[in-house]
Amino acid sequence: MHPTWRQRKLRQVCADHKIHLSAYSPLGGPGNSWGTTAVVENPVIQSIAIKHKATPAQVALKWGLSKGASVIVKSFKQERLKENIASINLKLDEQDLLKIDELEERKIMRGEFLVNNTTSPYKTIEDLWDDEI
């Protein structure tokens with residue numbers, strides 16, 4: 001879960017059943033072979049960061065926290081660890097949250113290899129992602 005893959009249906013199911021949601025790769029996995037910098041390089045995320053004198057990563061993390069999720073990020077750099085924890089104190093206003101919620105969604109790892117007409121219960125990519133792709 002991250003600002004460009006918000007997973008509304010999953011979040012609603014979790015809320016309905018009082019299941020706490022944890023966002024793995026809440027920044028989109030930059031630096032990983034499977035990841036992307038699309039979240040932190042998104043112009044809307046960057047403009048909100050500039051507005052609040054924050055980093056794009058802080059904006060993305062605060063968005064996840066504002067949705068009631070825990071956000072699990074990985075960094076070995078002390079400076080980034082401090083930046084990430086500072087996202088707790090960032091105040092995003094309703095306009096910021098609305099702009100993020102209006103971003104085009106993009107699944108980074110779509111999982112096409114899980115879809116087929118013979119051995120998979122998922123016949124289409126839409127089936128796999130409950131029409132959230």
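These numbers were taken from a predicted model, which means no experiment stands behind them.

A few points about the nonpolar core
Ranked by size, the top nonpolar core spans 16 residues in total, and within it M1, V59, L92 and I100 carry the most contacts. Contributions of two or more residues to this core are made by α2 (43-51), α3 (56-66) and α5 (94-101). It is α2 that provides the largest number of residues to this core, a total of 3 residues. Setting aside anything within four residues of it in sequence, one finds I100 in contact with P3, R6, I45, I48, V59, W63 and L92. Among the nonpolar cores identified, the runner-up in size contains 6 residues, and L27, V40, A60 and L61 belong to it.

Remarks on the side chain of Q58
The residue Q58 is located in helix α3 in this model. A distance of 2.9 Å separates a polar side-chain atom of Q58 from the backbone oxygen of E83. Look past the residues within four positions of Q58 in its chain and what remains in contact with it is E83, A86, S87 and L90.

Overview of the pattern of salt bridges
In the structure shown here, the tally under the stated rule is 3 salt bridges. For D93, the salt bridge goes to K51, with nearest N and O atoms at 2.8 Å. Separated by 42 residues along the polypeptide, D93 in the loop between α4 (78-86) and α5 and K51 in helix α2 bring together distant segments of the chain. A relative accessible area of 29% means that D93 is categorised as partly exposed.

Quick word on unusual backbone geometry
Phi at K18 is positive, roughly 55 degrees, even though this residue is not glycine. Structurally, the position occupied by K18 is in the loop between α1 (8-16) and β1 (22-24). Overall, the relative accessible area of 77% leaves K18 in the exposed class. Of note, the phi angle at S25 is positive, near 55 degrees, even though the residue is not glycine.

How each quantity is defined
Residues numbered from 1 in each chain as written. Predicted model: local features only at pLDDT ≥ 70, side-chain atom pairs only at ≥ 80, totals over all residues. Heavy atoms only, no water. Core = buried A, V, L, I, M, F, W, Y, C linked by side-chain atoms within 4.5 Å. Buried < 20%, exposed > 50% of the residue type's maximum accessible area, 1.4 Å probe, protein only. Helix = DSSP H or I, 4+ residues; strand = E, 2+ residues; numbered from the N terminus. Contact = heavy atoms within 4.5 Å. Polar contact = N/O pair within 3.5 Å; in protein donor to acceptor, adjacent residues only side chain to side chain. Salt bridge = Lys/Arg side-chain N within 4 Å of Asp/Glu carboxyl O.

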